[in-house]
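# Summary of the model geometry
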Amino acid sequence: MPQRMPPIGVIAEQSLFVPAARRLAERYALARLSRPPSSGYFLSLGGEGLELRMAGEGGHGPVRVDFAAGAMAHRRRFGGGRGQALARAVGLKPGYNPRVWDATAGLGRDGFVLASLGCQVTLCERSAVVAALLDDGLQRAALDPELASWVETRLSLVNQDAREALAKLGQEQRPDVVYLDPMYPPGKAHVLVKKEMRALQQLLGADTDSAPLLEIALASARRRVVVKRPQRAGPLTARPPTAAVTSKKTRYDLYVTV
Ligand SMILES: C[S@@+](CC[C@H](N)C(=O)[O-])C[C@H]1O[C@@H](n2cnc3c(N)ncnc32)[C@H](O)[C@@H]1O
């Protein structure tokens, strides 16, 4: 996988955060910065957690992973629970919560929703910057009184290309479901993207290797692969899905593997 982003560094907003910034930099091979760069992206660790920021004017606001508040808390409370399209696509049934590999974890929102509904979820993200944001979000979620009882037991994070990580799984580690939500090419009229996804698109570019990822996912999933698509887009590849579950803006293509 060619590295598409320039090296990104991390700063500590106050001296209090220096040890934690150092640990993140070591774990995710990020540069340590003593001050923000004059241009481009950087990570900033402070009282609100780890934030992806853009230096200079005209950039978007900070992006961080916050599972406990804002849109994620709203989605957890009012997103439709086990009846929502994502849950039906993944195959949750009364008394049955599949083990899921979210192979394109991104900011972890879909994976987190599935974990909140009872699934064991492995979040796999190949970008070190995005994985660092996820790691920070998970650590803060584990301290939240409403989430602490299940976050650490249901969610784990792998910072690796899912094509390699899935191919290495032993027979007994194979998940029931592999979930894929690769980045769409930017600028497509049918795709409305929020601030966070725009930032990820700028940072990472489109995911152009989704076809081999789908094939590896199909070989790994015991029951099904689920691919999230914009409502009016075609399937991910020429391989036709077995079925689809649709919601207002999104379609989940199912590839049954049993
Ligand atoms: C559109 S975002 C996923 C958003 C996510 N579903 C959410 O709810 O926040 C796609 C992410 O998948 C990651 N990705 C794409 N291909 C990958 C691969 N082969 N292995 C691991 N991560 C991958 C990208 O780096 C990007 O962060």
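Refer to the structure printed above.
Now for a look at the structure at hand. Along each chain, the written sequence defines residue order, and numbers are assigned to residues from 1. Local features are withheld for residues below a pLDDT of 70 in this predicted model, meaning they are given only at 70 or higher, and side-chain atom pairs are given and counted only at 80 or more; totals for whole chains, interfaces and linings count all residues. Water and hydrogen atoms were dropped before computing side-chain values, which therefore reflect all heavy atoms in the structure.

### Remarks on the layout of surface pockets
Here the idea is plain: a probe the size of a water molecule rolls over the atoms and shows the empty space left. The following threshold applies: Here a cavity is any set of points on a 1 Å grid over the protein atoms alone where a 1.4 Å probe fits but cannot get out, and a pocket is any open set with protein on both sides within 12 Å along at least 5 of 7 lines; a residue lines the site when it has an atom within 4 Å of a point. Grid points are joined across faces, edges and corners, and a volume is the space filled by probe spheres set on the points. Strands here mean DSSP runs of E at least two residues long; helices mean DSSP runs of H or I at least four residues long; both are numbered from the N terminus. Note on residue classes: Ala, Val, Leu, Ile, Met, Phe, Trp, Tyr, Cys and Pro are nonpolar, Asp, Glu, Lys and Arg are charged, and everything else, Gly too, is polar.
Put simply, the second largest pocket is a space of about 280 Å³. Along the wall of the second largest pocket there are 13 residues; nearest its centre are Ala-20, Arg-23, Leu-45, Asp-136 and Gln-139. Secondary structure elements with two or more residues in the lining of the second largest pocket: α1 (18-27), β3 (40-46) and α5 (128-141). The element best represented in the lining of the second largest pocket is α1, accounting for four residues. Of the residues in the lining of the second largest pocket, the class split is five nonpolar, four polar and four charged.

### Notes on the nonpolar core
What counts, and what does not: For the purposes of this section, nonpolar cores are sets of buried Ala, Val, Leu, Ile, Met, Phe, Trp, Tyr and Cys residues that join through side-chain atoms within 4.5 Å. The buried label goes to any residue with under 20% of its type's maximum accessible area, the exposed label to any with over 50%, and the partly exposed label to all in between, with areas taken from a 1.4 Å probe on protein chains only. Source of the domain bounds: an automatic or database domain assignment. By definition, residues are in contact when any of their heavy atoms lie within 4.5 Å.
Judged by nonpolar contacts, the single largest core of 59 residues is most densely connected at Leu-43, Phe-67, Val-90, Val-151 and Leu-155. Looking at this core, the element that brings in the most residues is α5, giving eight residues. Looking at which domains feed residues into this core, each of domain 1 (9-55) and domain 2 (70-256) gives three or more. Those residues within four positions of Val-90 in sequence are excluded, and the remaining contacts are Pro-98, Val-100, Leu-114, Val-177, Tyr-179, Arg-224 and Val-226. Ranked by size, the runner-up nonpolar core spans 17 residues in total, among them Ala-165, Leu-180, Ala-217 and Ala-221.

### Topic: the pattern of salt bridges
Condition: The salt bridge definition used is simple: a Lys or Arg side-chain nitrogen within 4 Å of an Asp or Glu carboxyl oxygen.
Counting across every chain of the model gives 19 salt bridges. Put simply, Arg-126 and Asp-207 hold a salt bridge, and the shortest N to O gap is 3.0 Å. With Arg-126 in the loop between β6 (120-124) and α5 and Asp-207 in the loop between α8 (195-204) and α9 (210-220), this pair connects stretches of sequence that are 81 residues apart. Among the residues examined, Arg-126 registers a relative accessible area of 26% and is labelled partly exposed.

### A few points about the site of the ligand
Selection rule: When at least one non-hydrogen atom of a residue lies within 4 Å of a molecule or strand, that residue is treated as near it. For the purposes of these results, a polar contact is taken to be a pair of N or O atoms within 3.5 Å, where, inside protein, one atom must be able to donate a hydrogen and its partner to accept one; residues adjacent in sequence count only when each atom of the pair is a side-chain atom.
In the vicinity of the ligand lie 21 residues, with Asp-110, Glu-125, Asp-161, Ala-162 and Asp-181 positioned nearest. Backbone polar atom of Leu-107 to an oxygen atom of the ligand: 3.2 Å apart, as the coordinates give it. One of the side-chain nitrogen or oxygen atoms of Asp-161 is found 3.0 Å away from a nitrogen atom of the ligand. Contributions of two or more residues to the shell around the ligand are made by α4 (109-116) and α8.

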